[in-house]
Amino acid sequence: MPRDFSEAELEAYLDEALTSDEMSDIEAALRADPQLTRRLAAINGRRDAGLHTLGEIWRRHRASCPSREQLGSYLLGAVHNDVADYIDFHLKTVGCRFCQAGLADLKSRHEESQETVDMRRRKYYDSSAGYLNRGE
Amino acid sequence: MSASSEVDSLLIQRIRGGDSDAWGELIVRYEGRLLAFVESRVRNRASSEDIVQEAFIGFLNSLPNFDGRRPLESYLFSICAYKLTDHLRREGRRPAVPLSAGSDSGGSWDLPGNQRAASSIARSGERRRLEERAITEAIQEQIDRWKERGDWTKLKCIELLFVRGWANKDVASRLDISEQQVANFKFDFLARMRNIIRKQGLSEDVFPELYEEES
């Protein structure tokens, strides 16, 4: 039986803010259920008309996300138990994709070779620096 | 302002002045998390790097319109999400969604409840930003207070209800509290938000969920 997605989850889907697995679940459901497309269109319409929901404001402004420094301390096991428990909840139960990405980045810094990282950064720089100051 | 926001703010100032070293520093600071964000969906390193590259170019193109009060990280993630969505649509993975449900929907894009139709309250972008800012500050203040007091259960409860849209009974079960407690936390939170809206003289119509249980 297909899962019944909440409005908040569908809003997060539109913002590309759910975990990868959840995003894929909704994409699969969208192919099978035209009603789900209508619900998403309804959210777009509601947003277009300027109605707010607390969840999307909370998510957009990342109101409860731990800071980068806290994520780093969490990774090292250097935060108080209560805080660690909350960060765990935020990452796994709420499934905050932005914090998951931040954590994955912090982890990969220990794993990737500096040469690979430098090459990638150089590529980004070379391809974008020409746009500096354009339109200012 | 946090130390991190101050660094961002200075970087943006220098980038606006055309400082290429500052641009390099911004890339170093943010590319890793943007790449992890994209790669979790695309599962292909080369394509993910291309999307992040497009996001950086998009950032520079949009810089004249960037509101410095907005956290840089959130702004970069939102550009990246947009580029990622575009990529997934081109790949046929992400179905296109129309802008609204259409005229035959019977106004189905209104939130549940008996609030008046949203189309009748369309208004300026400036007004919308003002409303959003007021609620953001109110939510942030509440979260900071919960964190300070160690009210982690309240924070988790409200986050599951509003950010994830879980039903009261599921939240109660997950947090091992009673449904009545969930209802009480929710009532208090909504009352606080309503109070802020009224105090600031903002339109109540644009926050329908705040008044669902009152109507």
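Quick summary incoming for the structure in this document. Values in this document were obtained by computation on a predicted structure and should not be read as measured data.

1. Focus: the overall build of chain B
Alright, step 1. Counting secondary structure elements, chain B contains eight helices and zero strands.
Alright, step 2. Secondary structure elements of chain B, listed N to C terminal, follow the sequence α-α-α-α-α-α-α-α.
Alright, step 3. Sorting the 215 residues of chain B into buried and exposed places 33% on the buried side.
Alright, step 4. Contacts in chain B between residues far apart in sequence, at least 24 positions, make up 48% of those at least 6 positions apart.

2. A look at unusual backbone geometry
Residues and elements named next belong to chain B.
Alright, step 1. Phi is positive for R43, close to 60 degrees, though the residue is something other than glycine.
Alright, step 2. Residue placement: R43 occurs in the loop between α2 (20–42) and α3 (45–62).
Alright, step 3. Non-glycine residue D176 carries a positive phi angle of around 60 degrees.
Alright, step 4. Counting through the fold element by element, D176 comes out in the loop between α7 (168–175) and α8 (179–199).

3. Quick word on the interface of chain A and chain B
Alright, step 1. Facing 64 residues of chain A, the contacting portion of chain B comprises 70 residues.
Alright, step 2. Elements supplying a minimum of two residues to the side of chain A that touches chain B: α1 (7–14), α2 (20–32), α3 (34–48), α4 (54–60), α6 (81–92), α7 (97–111) and α8 (114–128) of chain A.
Alright, step 3. Among the elements that take part in the side of chain A that touches chain B, α3(A) stands out by supplying ten residues, more than any other.
Alright, step 4. When the residues that make up the side of chain A that touches chain B are grouped by side-chain class, the tally is 24 nonpolar, 19 polar and 21 charged.

4. With respect to the packing of helix α5 (residues 68–75) of chain A against α7(A)
All names here are of chain A.
Alright, step 1. One can describe the packing of α5 onto α7 by two numbers: an axis separation of 10 Å at closest approach and a directional angle of 60 degrees. Put simply, α5 runs oblique to α7. Crossing handedness for the pair α5 and α7: right-handed. Contact with α5, carried on its side by R68, L71, G72 and L75, involves C99, G102, L103, L106 and K107 of α7 and no other residues of that element.

5. Overview of the environment of E25(B)
Alright, step 1. Positionally, E25(B) belongs in helix α2.
Alright, step 2. Along the primary structure E25(B) and D8(B) are separated by 17 residues, whereas in three dimensions their C-alpha atoms are 10.0 Å apart.

Conventions used here
- Going along each chain's sequence as written, the residues are numbered from 1 onward.
- For this description, chains carry letters from A and ligands carry numbers from 1, given in the order in which they are written.
- In view of the model being predicted, local features appear only for residues whose pLDDT reaches at least 70, and side-chain atom pairs are presented and counted only at 80 or more, with totals across whole chains, interfaces and linings using the full set of residues.
- To qualify as a helix, a DSSP run of H or I must reach at least 4 residues; to qualify as a strand, a run of E must reach at least 2; elements of each kind are numbered from the N terminus.
- Field definition: a residue is buried when 20 or more other C-beta atoms are found within 10 Å of its C-beta, exposed when 12 or fewer are, and partly exposed for counts in between, with C-beta atoms placed from the backbone.
- With C-beta atoms placed from the backbone, a contact is any residue pair whose C-beta atoms sit within 7 Å.
- Under this grouping Gly is polar, as are all residues other than the nonpolar Ala, Val, Leu, Ile, Met, Phe, Trp, Tyr, Cys and Pro and the charged Asp, Glu, Lys and Arg.
- Here the axes come from fitting lines to C-alpha atoms, over the contacting stretch only for helices, and the angles between their N-to-C directions go from 0 to 180 degrees.
- Each angle receives one of four descriptions, namely roughly parallel if under 35 degrees, roughly antiparallel if over 145, roughly perpendicular if within 65 to 115, and oblique otherwise.
- Each helix crossing is assigned a hand: it is left-handed if the near helix lies turned anticlockwise from the far helix by less than a right angle, otherwise right-handed if that turn is clockwise.

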